[in-house]
Amino acid sequence: MLRNLRKIYSPNFEIKKRKKSEIRSIILHYTGMKNEKLALKKLTNFNSRVSCHYFITYSGEIINLVPDLYISWHAGKSKWGKVKSLNNSSIGIEIANKGHDYGYEKFSNNQILSLIRLVRFLNKKYKIN
């Protein structure tokens, strides 16, 4: 169980719920924006048409933006092997980081520890290999 999980919901997801068994992968992204405030603003802005299930701040706080059983819009037009439209079968995690365009920095220890905790939780919950 994830404790102290803050929720800031994004409007950017598919209305139709999916089954637990349809979740088969976890996709990690970094935000590539000047700061985490701007990243959260984009991920929760209806006009951006982008979201994720979880956002990990620089301090390591995990924020839930889209409930797991809904399809968030994090992978765009995507393919992994024979699987297309990865949004349909994955959970997206965004990690706050400026990225290469804004002075890429190492992920903090707190971010890494939170990421490990979150991925272990999701792997167990959805039986992801």
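**Q** What's the story with helix α1 (residues 36–43) in this structure? I'm lost.
**A** Quick reminder: α-helices carry 3.6 residues per turn. Residues three or four places apart thus point the same way. For α1, the set of buried residues is Ala39, Leu40 and Leu43. Seen from one end, α1 has its buried residues packed into an arc of 95 degrees, which puts them on one side. Turned more than 90 degrees from where α1 packs its buried face, Lys37 and Lys41 sit exposed. In this fold, the buried residues of α1 make contact with β4 (54–56), β5 (62–64) and β9 (90–95). Where α1 begins, the side chain of asparagine 35 points an oxygen toward the backbone nitrogen of lysine 37, at a separation of 3.1 Å.

**Q** Looking at this model, I keep getting lost on the environment of glycine 103. Mind explaining?
**A** With respect to the helices, strands and loops of the structure, glycine 103 is situated in the loop between β9 and α2 (109–126). Judged by relative accessible area, which is 42%, glycine 103 ranks as partly exposed. Placed 78 residues apart in sequence, glycine 103 and serine 25 show a C-alpha to C-alpha distance of 29 Å.

**Q** How should I be thinking about the side chain of histidine 74 in this particular structure?
**A** Relative to the helices and strands, histidine 74 is located in the loop between β6 (70–72) and β7 (79–80). Look at histidine 74 and you get buried, because its relative accessible area is 8%. In this structure the side chain of histidine 74 is engaged in a polar contact, spanning 3.1 Å, whose partner is the side chain of serine 90. Once residues lying within four places of it in the same chain are set aside, the contact partners of histidine 74 are Ile27, His29, Ser51, Cys52, His53, Asn87, Ser90, Ile91 and Gly92.

**Q** Whenever I open this one, the packing of aromatic side chains confuses me. Can you help?
**A** For any pair of aromatic rings, the description rests on two quantities: the centre-to-centre distance and the angle between the ring planes. Counted by the stated rule, this structure contains three aromatic pairs. Measuring from ring centre to ring centre gives 5.2 Å for phenylalanine 13 and tyrosine 70, while their planes differ by 65 degrees; the resulting arrangement is edge-to-face. Residue phenylalanine 13 is located in strand β2 (residues 13–17), and its partner tyrosine 70 is located in strand β6; the two are separated by 57 residues in the primary sequence. Given the relative accessible area of 22%, phenylalanine 13 is considered partly exposed. With a centroid separation of 6.0 Å and an interplanar angle of 75 degrees, the aromatic rings of tyrosine 30 and tyrosine 104 are classed as edge-to-face. One end of the pair, tyrosine 30, is in strand β3 (residues 25–30); the other, tyrosine 104, is in the loop between β9 and α2, and 74 residues separate them in sequence. Three or more aromatic residues joined by ring pairs form one cluster here, namely Tyr30, Tyr104 and Phe107.

**Q** Quick question: what am I supposed to make of the pattern of salt bridges here?
**A** Two side chains that carry opposite charge are able to pair once their charged atoms sit near each other. All chains considered together, the criterion is met by three salt bridges. A salt bridge links arginine 6 to glutamate 61; its shortest N-O distance comes to 2.7 Å. Of the two residues, arginine 6 is situated in strand β1 (residues 6–7) and glutamate 61 in the loop between β4 and β5; the sequence distance between them amounts to 55 residues. For arginine 6, a relative accessible area of 37% puts it in the partly exposed group. Glutamate 61 sits in the partly exposed class, given a relative accessible area of 26%. For glutamate 105, the salt bridge identified is with lysine 98, shortest N-O distance 3.6 Å.

So, how was this worked out
Residues numbered from 1 in each chain as written. Predicted model: local features only at pLDDT ≥ 70, side-chain atom pairs only at ≥ 80, totals over all residues. Heavy atoms only, no water. Buried < 20%, exposed > 50% of the residue type's maximum accessible area, 1.4 Å probe, protein only. Helix = DSSP H or I, 4+ residues; strand = E, 2+ residues; numbered from the N terminus. Arc of directions from axis to C-beta. Contact = heavy atoms within 4.5 Å. Polar contact = N/O pair within 3.5 Å; in protein donor to acceptor, adjacent residues only side chain to side chain. Phe/Tyr/Trp six-rings, centres within 6.5 Å; stacked < 30°, edge-to-face > 60°. Salt bridge = Lys/Arg side-chain N within 4 Å of Asp/Glu carboxyl O.

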